[in-house]
Amino acid sequence: FHAWWLDDSANRIIVAFDELTDEKIKIFKNIVIDSNAIVFTQAKGKAQNEATLLKPGGKITGENGSNYSIGYAVELNGGKGILTSAHGSTRKVQAGQKFFYGSNEIGRCLKTELGGSLDVSFVSVTNWNFFISNTIEIIQRELSTEIRYPSAGTIVFKAGATTGVTSGTILSTNYSGMIDGEIFSNLTTTNYNSAAGDSGGVVFYVPSDGIRYTVGIHKGGVDYDAPDVKSFVKAGEIRRLWGVERV
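Because the structure is a prediction, the values reported are computed rather than measured.

Take the environment of Arg-12 next. Looking at the secondary structure, you find Arg-12 in strand 2 (residues 12-17). Between the C-alpha atoms of Arg-12 and Val-39, which are 27 residues apart in sequence, the distance is 6.8 Å. When near neighbours in sequence (up to four residues on either side) are disregarded, Arg-12 contacts Trp-5, Leu-6, Asp-7, Asn-36, Ala-37 and Val-39.

This is the structure we're talking about:
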């Protein structure tokens, strides 16, 4: 049988079957219970959760007016949330800042860091109408929770809310320099296409086994004189420095 509940107004127990037949009713009465208080009925469909999925590469908006892309799901100090970038098109993310999916608030930033080897914010998702997914936006493929460290020359992919999924080759795994007035180190550079609004989106790697491993989150360009060179923050650095667990 599919479901059962108490009909309070009729003082009856309702038992719904995916396929209501005399044979199934007979088996139920023999194995479970035979009672005049039970009414058997045909189920009209399966129950479904109606939570909206927050997917890697999807679009979220900060109350500071900037658009961001979803990175991937993590746990920080026992709380589950998503990672995105710490910089925005208008201003930096601040701790306590609200984030929205469409017009709906999904949660607040509990931790953010911009500089060194990090450009990342943790958004605690507290709206129970939203579910954090590992299905990559646009391509609808599963993102592995395993973190990898691909080397220079490896092809990686970025999923962002503006340009979607794009690919490029890793140029360097240890880039250092000043970007928008902040000093950064140990970034990875690549040549995939990206644009404003992609910041925070997941970067992943697909070796011969076909699994999409988590690699990092997209940061942006590194030099106005080299617009084709982009950078991302290593997922392993975020885990090492923040102690987050990939989930």
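All chains considered together, the criterion is met by six aromatic pairs. Arranged with centres 5.3 Å apart and planes meeting at 80°, the rings of Phe-28 and Phe-40 form a pair that is edge-to-face. Remark: Phe-40 occurs in strand 3 (residues 38-42) and Phe-28 occurs in helix 1 (residues 22-31); sequence separation between them is twelve residues. On the accessibility criterion, Phe-28 (7% relative accessible area) is buried. For Phe-40, a relative accessible area of 17% puts it in the buried group. One aromatic cluster is present, formed by Phe-17, Phe-28 and Phe-40 through successive ring pairs.

In this structure, Tyr-72, Leu-83, Val-120, Ile-238 and Trp-242 are the most contacted members of the largest nonpolar core, which totals 23 residues. When contributions to this core are tallied by element, the ones reaching two or more residues are strand 7 (73-76), strand 11 (118-125), strand 15 (182-190), strand 16 (202-205) and helix 2 (235-242). Tyr-72 has contacts with Gly-81, Ile-82, Leu-83, Leu-143, Val-202, Thr-214, Gly-216, Ile-217, Ala-235, Ile-238 and Arg-246, leaving out every residue within four places of it along the chain. In terms of nonpolar packing, the next biggest core, distinct from the first, is built from 14 residues, Ala-73, Val-93, Phe-99 and Val-123 among them.

Put simply, the largest pocket is a space of about 610 Å³. What lines the largest pocket is a set of 30 residues, among which His-87, Ile-179, Asp-180, Gly-220 and Gly-221 lie closest to the centre. Contributions of two or more residues to the lining of the largest pocket are made by strand 6 (67-69), strand 14 (164-179), strand 15 and strand 17 (213-221). At four residues, the largest contribution of residues to the lining of the largest pocket is made by strand 17. Of the residues that constitute the lining of the largest pocket, the class distribution is twelve nonpolar, eleven polar and seven charged. The computed volume of the second largest pocket comes to approximately 160 Å³. In terms of residue count, strand 12 (residues 130-132) provides more of the lining of the second largest pocket than any other element does, three residues in total. Across the lining of the second largest pocket, the residue classes tally to six nonpolar, two polar and one charged.

As a further point, take the sheet that holds strand 16. Here we have six strands rolled up into a closed barrel, ordered 13-14-15-18-17-16, and antiparallel in their pairing. Sheet twist, expressed as the mean angle between neighbouring strand axes with direction ignored, is 55°.

What follows concerns the pattern of salt bridges. According to the stated counting rule, one finds five salt bridges in the structure shown. Where Lys-219 meets Asp-119, a salt bridge forms, and the shortest distance between an N and an O atom there is 2.8 Å. Taken together, the positions of Lys-219 in strand 17 and Asp-119 in strand 11 put the pair 100 residues apart, joining distant regions of the chain. Judged on exposure class, the residue Lys-219 and its partner Asp-119 are both buried. Here Arg-148 and Glu-146 are joined by a salt bridge, their closest N and O atoms 3.0 Å apart.

How each quantity is defined
Residues numbered from 1 in each chain as written. Predicted model: local features only at pLDDT ≥ 70, side-chain atom pairs only at ≥ 80, totals over all residues. Heavy atoms only, no water. Helix = DSSP H or I, 4+ residues; strand = E, 2+ residues; numbered from the N terminus. Contact = heavy atoms within 4.5 Å. Phe/Tyr/Trp six-rings, centres within 6.5 Å; stacked < 30°, edge-to-face > 60°. Buried < 20%, exposed > 50% of the residue type's maximum accessible area, 1.4 Å probe, protein only. Core = buried A, V, L, I, M, F, W, Y, C linked by side-chain atoms within 4.5 Å. 1 Å grid on protein atoms, 1.4 Å probe; cavity = no way out; pocket = protein on both sides within 12 Å on 5 of 7 lines; lining within 4 Å. Points joined across faces, edges and corners; volume = space filled by probe spheres on them. Nonpolar A, V, L, I, M, F, W, Y, C, P; charged D, E, K, R; others polar. Pairing = 2+ DSSP bridges. Axes fitted to C-alpha atoms, helices over the stretch in contact; angles between N-to-C directions. Salt bridge = Lys/Arg side-chain N within 4 Å of Asp/Glu carboxyl O.

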